[in-house]
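# Fold and geometry: a report
The lines below spell out each chain.
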Amino acid sequence: MNTQNLIAELDPKHGILMDGQAYGAAATFDVHDPATLTVIAEVADGTSTDAQSAVDAAHRAFPAWAAMAPRKRSEILRRAYDLMIAGADRLVALICAENGKPQTDARAEVVYAAEFFRWFSEEAVRTDGGYGVSPAGGTRTLVTHKPVGVAALVTPWNFPAAMATRKIAPALAAGCSVVLKPAAETPLTALAIARILADAGVPDGVVNVVPTTDAAAVVSQWLGDERVRKVSFTGSTGIGRVLLKQAADRIVNASMELGGNAPFVVTADADIAAAVQGAMVAKFRGGGQACTAANRFYVHASVVDEFVAGFGAEVAALRVGPASEEGSQVGPLVNARAAERVAAAITAAVDEGAVIAAQAQAPAGGWYVAPTLLTGVAPDATILTEEIFGPVAPVVVWENEDDLLRWANGTEYGLAAYVYAGRLQDALRLGESLDAGMVGINRGVVSDPSAPFGGMKQSGLGREGAREGLHEFQETQYFSVDFS
C-alpha cells in the first residue's frame, strides 16, 4: 500500500475540517516519519480563528444531532465501525508512518479504536433513567439524561486512532457535537477517522477537526467560548492542570486522562514465565509510550534472579526498527525530544548506581532508544519518580509488603498497576491496596472499551469507556411531577 498516495488523498494542506468542508490555512506544519526523519506531509496549521469557526459549525449542528433518535445515531456509529475495520490497512499505514509504531501494534490499535464505535453504538440506545415517589408523597421524580452540548476533544500522539475514537464515540452516542484537536505529531489518522465518520453518515458540523501547532491558542479559544460545555483531554498532568484552571473560569465540564507511573508487582509465588510475558506487553507495547505502560518493576527477592534472566533474554531479543521492516517489534520514539529525554534517563539511572542488565540493538538513524532492562535500582531512584514514556524497565527488589506498598503508592500518579501472584486472593488484596484506577491481575493489559478507563490522584478525572464513558458527555436532569 502506497502511504504517500493515502496521505495525498487526505489532502492535509486542507486539513481543517469544518461543517463538512476542508479548509487550508495561512501556514502549514510538517509531519515527520520518526523512523526516517523525513517529512511525509504538510498539514494546515489552524489558528484561534479556525477554532472559533469550528465551534460555530458544531453549535449549529448540535440541536438536530441531539434530537436525532438514538437508534439512528447508533446505526451511524455501527457503520463507522464497519468502515474502520474494512479500511484497517489504510489506517495501519498512516499510524506507522506518522507515529512510528510497528505494524502489529498499529493493527492492534485500529481494532481497539474501532471497537469504541461498536461499543458506543450499542450504548447509544440504552438510555437509562429513574422513576420514584418522593419521601413526603404527593410528587413523582423522573430522572433522565441529556447531551451536555458542544464538546472540545484534545488527543495525544501515542494512540492517534484510539484516543480519538475513545472520545468521539461516546460524545456522538450521547448526542453531542465535537471539535477535535489532534496532536501535531499525528494529525493524519484523525483526518482519516473524520472522513470515515462522514462516510458513515455523520451530518456536517457534528465532527470538526482543527490540526495546529499552537495548541494553547486553539484550546484556550474553545475553553473561553460559552457554547463549549465539555472538555475531554488526554495528555500530561502538567497540561491537564493548566486546562483545568481555564475550565474553572466558566465551570466547564472536564474529563482528564493524565500521566501515569504504573507499578508492576511480582510476588514470590507468581508464575514467572507468565509474569515475563506480561511485563513485555505492559512495558514495550508501543515502545513504552503509553500512560498505562509499566514504569516500575517490583520483584520479590526470592524470584528476582529468575525474573531478570527471563525478562532480560526477551528484552535483548527484541527486534527494533521501522514499521516497514519485517518482524519489527519496537519502533522509534515519536520525536527527537522524546528520544533525548529517555536516553538521558538511562544515563542518569546508571550514574545513580543502576546496572544495564540487558539491552536490545537499535538501528542508527531515526529517533530510536534501545529497549533497556535496569537492575540494582534503589527504591528512591530518580527514574522511579518520572513517567519514562519509553522502552526502559527498572527493577526494584522487595521483601516486605509494607515497603512494597509504600513504594508503589509513593507517587502523585494513580492510573494503572499490574500484579502477578500465584493466589488470586493475594493478587486482589494487593490490587485493592494500590492507588490505581485500573489494575491488571496476572495480565499486562488493562484497556478495554467495555471497562471504565481512568485514574486516581493526579492521573485524572472521570472515566472513558463503559457506561461511565457515555455519562461523561451527559447532564442529569430530573422532573418533579405534582401527583397530588
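Before reading further, recall that the structure is shown in the block above.
Definitions and cut-offs
- Residues numbered from 1 in each chain as written.
- Predicted model: local features only at pLDDT ≥ 70, side-chain atom pairs only at ≥ 80, totals over all residues.
- Heavy atoms only, no water.
- Helix = DSSP H or I, 4+ residues; strand = E, 2+ residues; numbered from the N terminus.
- Buried < 20%, exposed > 50% of the residue type's maximum accessible area, 1.4 Å probe, protein only.
- Contact = heavy atoms within 4.5 Å.
- Areas by Shrake-Rupley, 256 points an atom, 1.4 Å probe, with all protein chains shown as cover.
- Lys, Arg positive; Asp, Glu negative; His and termini not counted.
- Charge placed at Lys NZ, Arg CZ, Asp CG, Glu CD.
- Patch = residues over 30% accessible without salt bridge, like charges linked within 9 Å, V, L, I, M, F, W, Y side chains within 5 Å.
- Salt bridge = Lys/Arg side-chain N within 4 Å of Asp/Glu carboxyl O.
- Pairing = 2+ DSSP bridges.
- Axes fitted to C-alpha atoms, helices over the stretch in contact; angles between N-to-C directions.
- Expected span 1.5 Å × (residues − 1).
- Polar contact = N/O pair within 3.5 Å; in protein donor to acceptor, adjacent residues only side chain to side chain.

### As for the overall build of the protein
Along its length, the protein carries 15 helices and 22 strands. Dimensions of the protein, computed from the C-alpha atoms along their principal axes, are close to 70 × 65 × 40 Å. Considering the protein as a whole, with its 484 residues, one finds that 56% of them fall into the buried category. Once local pairs closer than 6 in sequence are excluded, the contacts in the protein between residues at least 24 apart make up 72%. As presented, the protein carries roughly 18,800 Å² of accessible surface, and 52% of it is formed by carbon and sulfur atoms. Distance between charge centres in the protein, computed from 37 positive and 54 negative side chains, equals 7 Å.

### Notes on a nonpolar patch on the surface
On the surface, Tyr 131, Leu 142, Phe 479, Val 481 and Phe 483 cluster together to form a nonpolar patch covering roughly 480 Å² of accessible area. Along the chain, the position of Phe 483 falls in the segment after β22 (474–482). According to the relative accessible area criterion, Phe 483 is partly exposed, its value standing at 46%.

### A look at the pattern of salt bridges
Within this structure, the stated rule accounts for 22 salt bridges. Across the pair Glu 472 and Lys 230 runs a salt bridge whose closest N-O atoms are separated by 3.4 Å. A residue pair is termed long-range when its members are at least 10 positions apart, and Glu 472 in the loop between α15 (466–471) and β22 and Lys 230 in strand β10 (residues 228–234) qualify at 242 residues. No difference in accessibility class separates Glu 472 from Lys 230, as the two residues are buried.

### Overview of the sheet that holds strand β6 (residues 139–147)
With respect to topology, three strands assemble into an open sheet ordered β5-β6-β22, the strand pairing being antiparallel. Looking at strand neighbours, the two that pair on one side only are β5 (130–133) and β22, the edges of this open sheet. Averaged over all adjacent pairs, the angle separating strand axes in this sheet is 20 degrees, with direction ignored.

### Things to note about helix α11 (residues 304–316)
With 13 residues, α11 should cover 18 Å at 1.5 Å per step; its first-to-last C-alpha distance of 17 Å lies within 8% of that length. On the buried face of α11, the contacting elements are β12 (262–266), α10 (272–284), β13 (294–300), β14 (355–359), β15 (372–375) and β16 (392–398).

### Some details on unusual backbone geometry
In this model, Asn 442 sits at a positive phi of 55 degrees, which is unusual for a non-glycine residue. Position of Asn 442 relative to the elements: it lies in the loop between β19 (438–441) and β20 (456–457).

### Focus on the sheet that holds β12
Read from one edge to the other, the open sheet built from seven strands follows the order β14-β15-β16-β13-β12-β18-β19, with strand pairing classed as mixed. Two strands in the sheet have a free side with no partner beyond their single neighbour: β14 and β19. For this sheet the average axis-to-axis angle between neighbouring strands, irrespective of direction, equals 20 degrees. Summarising the sheet, β13 and β16 pair through four bridges and their orientation is parallel. Bridge pairing links Tyr 298 to Val 396 in β16. Set on the sheet, α10 makes contact with β12, β13, β16 and β18 (416–420); between it and β12 the angle comes to about 170 degrees. Helix-sheet contacts for helix α14 (residues 424–433) involve β12, β18 and β19, and the interaxial angle to β19 is about 160 degrees.

### Topic: the pairing of β5
Where β5 lies against β6, four bridges are found, and the strand directions are antiparallel. Of the residues in β6, the one forming a bridge with Gly 132 is Thr 141. From the end of β5 to the start of β6, which pair antiparallel, there are five residues, and Gly 137 there has a positive phi angle of about 75 degrees.

### A look at the side chain of Thr 411
In this fold, Thr 411 is placed in the loop between α13 (401–409) and β17 (413–414). The exposure class of Thr 411 is buried, given its relative accessible area of 15%. A distance of 3.1 Å separates the side chain of Thr 411 from the backbone nitrogen of Tyr 413, its partner in a polar contact. Residues in contact with Thr 411, not counting those within four places in the same chain, are Asn 261, Arg 296 and Lys 457.

### Overview of a negative patch on the surface
On the surface, Asp 351, Glu 352, Asp 380 and Glu 386 cluster together into a patch of negative charge. Assignment of secondary structure puts Asp 380 in the loop between β15 and β16. Residue classification places Asp 380 among the exposed positions, given a relative accessible area of 65%.

### Let's talk about the environment of Met 163
Structurally, the position occupied by Met 163 is in helix α6 (residues 162–174). Given a relative accessible area of 6%, Met 163 falls into the buried group. Here the alpha-carbon distance between Met 163 and Gly 130, two residues 33 residues apart in the chain, equals 32 Å. Residue contacts for Met 163: discarding those within four places in its chain leaves Thr 155, Pro 156, Asn 158 and Thr 234.

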